[in-house]
Amino acid sequence: MSENKVRVRFAPSPTGPLHMGGVRTALYNYLFAKKHNGTFILRIEDTDQTRFVEGAEEYILDALKWCGITPDEGPNVGGEYGPYKQSSRKEMYKPYAEELVQKGKAYYAFDTAEELTEMRDQAKKMKMPNWQYNGVTRSSMKNSLTLPEDEVERRLQNGDPYVIRFKMPRNEDVRFEDIIRGWVVVNTNNLDDKVLYKSDGMPTYHLANIVDDHTMEITHVIRGEEWLPSAPLHVLLYEAFGWNAPKFAHCPLLLKPDGNGKLSKRDGDRLGFPVFPTDWTTAEGEKYSGYRENGYFPGAFLNMLAFLGWNPGTEQEIFSLEEMVEAFSLERVSKAGAKFDADKTKWYQQQYLRAASNEKLAQMLKEENPELSQPDEYLASVCELMKERATFVRDIIDEGDYFFNAPTSFDDKTLRKKWKDDTAEIMTEWINRLEKIDPFDASAIEQSFKSFLEEKEKGIGAVLPAFRLLITGKGMGPSMFEISALLGKETTLERMKINIERVNELKAI
Ligand code: GLU
């Protein structure tokens, strides 16, 4: 493999469904990989068995698939660096942990959970609430740095439970350059001796993550800001192994719409928008709604997500995935948290719906409403007329039900304001005109309508709203000439005749 071939990974833990922030991380990784003709890897980080959630891995795979973020290597795809699921790589981590012990960079610790709790409690009593296992406290704990060598050996032989901890150096400045944040400097006195490996045979996130990134030849680690505090430890681990560290890019947090704090899974349904790509139901039966089931197009969802933290530096806001690949750079990802904007999210969906072909929308309409029996061509024409007024495919039916059924109710405001004493008579005359139009197409209807107004010396407002009311039952909508042409002469005339009576009756009430 050539040295500078870009290899990036998205490494979710299956501890729950993928939050939209996670999808954005996956997207940025994908865009960066494609932009540099590199490889995008999906790796499932499932070493923490206590946090395993049934169905979460399937959820992640399915959500990425819906978005169109396709890994080049991963659990279901394969690749030369597999397996891509940490639980299937379990055996390989122990020698690495032991290597660090041999090098004096890590040590065995035998303290039991009870002993650790006791230490913490004691520290709390002494007004030191944040007790840590670190360069100061380790000397009074039970570990291979304090116990005699033969005792350590005996305990290991005995199969006593242990963990391997990283021996955090004292008072060193760890520096690394983050592509998004610039130089980050952290003093090791603020860091603790993290557990790397547990005697249950499982590495912790930190060890597995570093070993995998190294052995999978990852060149850039692009992940959420919440991992920034772990980065100094990761840099030190690379140093301890004598490996080159990948480049880091920590993406900004997604914030609540008012900017106050991190966007959480509870915000979504509370504020009326999804925070998950697809629906998710917890084992306890709690339901969280997803973008897919809410009717969003994956392209709109991704486009919106890309702009939460990135901008292309131009006015362009609509980007296909391919265009995003072209325009993307980590240098243009901001370090400030990105406020989620529900209106903007809807706006993106509207733009994508408008840009979709009528044929595609008609197909989706049929999928969502299998009872529709109209020919595809008819449905496509309905979509053409309705898409300027819709955000979701379902709006086409909800707002345009009159394309499928005669109206059964009539807009009250139009009825009160536009249905005058002479309106029924005008409509009857207009029916007579319509009867004569042949072919019954939109421009012929429009022509005839214009001459009708002139002859009758009426303004549009005296005729058009009433015409619309009779055909659609509504006060607003697309062109009446297009609507009646699409419904056809017979339906148009039939509806008008029947509804003149009904509207007159309603008016009389
Ligand atoms: N498994 C971590 C997560 O769930 C990955 C962090 C990283 O990308 O290093 O987000």
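The structure reproduced in this document is the subject of the present report.

Scoring rules and cut-offs
Residues numbered from 1 in each chain as written. Predicted model: local features only at pLDDT ≥ 70, side-chain atom pairs only at ≥ 80, totals over all residues. Heavy atoms only, no water. Near = heavy atom within 4 Å. Polar contact = N/O pair within 3.5 Å; in protein donor to acceptor, adjacent residues only side chain to side chain. Areas by Shrake-Rupley, 256 points an atom, 1.4 Å probe, with all protein chains shown as cover. Nonpolar A, V, L, I, M, F, W, Y, C, P; charged D, E, K, R; others polar. Core = buried A, V, L, I, M, F, W, Y, C linked by side-chain atoms within 4.5 Å. Buried < 20%, exposed > 50% of the residue type's maximum accessible area, 1.4 Å probe, protein only. Helix = DSSP H or I, 4+ residues; strand = E, 2+ residues; numbered from the N terminus. Contact = heavy atoms within 4.5 Å. Salt bridge = Lys/Arg side-chain N within 4 Å of Asp/Glu carboxyl O.

### Quick word on the site of the ligand
- All residues adjacent to the ligand are Arg-9, Ala-11, Pro-12, Ser-13, Glu-45, Tyr-205, Asn-209, Arg-223 and Trp-227.
- At a separation of 2.9 Å, a nitrogen atom of the ligand approaches a polar side-chain atom of Ser-13.
- Taking Asn-209, its side chain carries an N or O atom lying 3.0 Å from an oxygen atom of the ligand.
- Bound to the protein, the ligand loses 85% of the 300 Å² it would expose on its own.
- In terms of residue class, the shell around the ligand is built from four nonpolar, two polar and three charged.

### Here we look at the nonpolar core
- Ranked by internal contacts, the top residues of the largest apolar core, which has 110 residues, are Met-20, Leu-27, Ile-69, Phe-403 and Met-427.
- At nine residues, helix α1 (residues 20-35) tops the list of elements feeding residues into this core.
- If we ignore the near neighbours within four places in the chain, the residues touching Leu-27 are Ile-69, Leu-302, Leu-305, Ala-306, Leu-321 and Met-324.
- With 40 residues, the next largest nonpolar core counts Ile-164, Phe-166, Ile-210 and Met-216 among its residues.

### Structural notes on unusual backbone geometry
- With an omega of -5 degrees, the peptide bond running from Gly-82 to Pro-83 counts as cis.
- Looking at the element boundaries, Pro-83 is found in the loop between α2 (56-67) and α3 (93-102).
- Here the residue pair Asp-438 and Pro-439 is connected by a cis peptide bond, since its omega of 0 degrees sits within 30 degrees of zero.
- Phi at Glu-217 is positive, roughly 55 degrees, even though this residue is not glycine.

### Considerations on the pattern of salt bridges
- Applying the stated criterion across every chain yields a total of 30 salt bridges.
- Two residues, Arg-155 and Asp-160, come together in a salt bridge whose shortest N-O distance is 3.8 Å.
- By relative accessible area, Arg-155 is classed as buried at 15%.
- Classification of Asp-160 by relative accessible area gives partly exposed; the value is 22%.
- The salt bridge involving Lys-194 is made with Asp-192; its shortest N-O contact spans 2.8 Å.
- Under the relative-accessibility criterion, Lys-194 is labelled partly exposed at 30%.
- What emerges from the salt-bridge pattern is a single network uniting Arg-9, Arg-43, Glu-45, Arg-89, Asp-212 and Asp-213.

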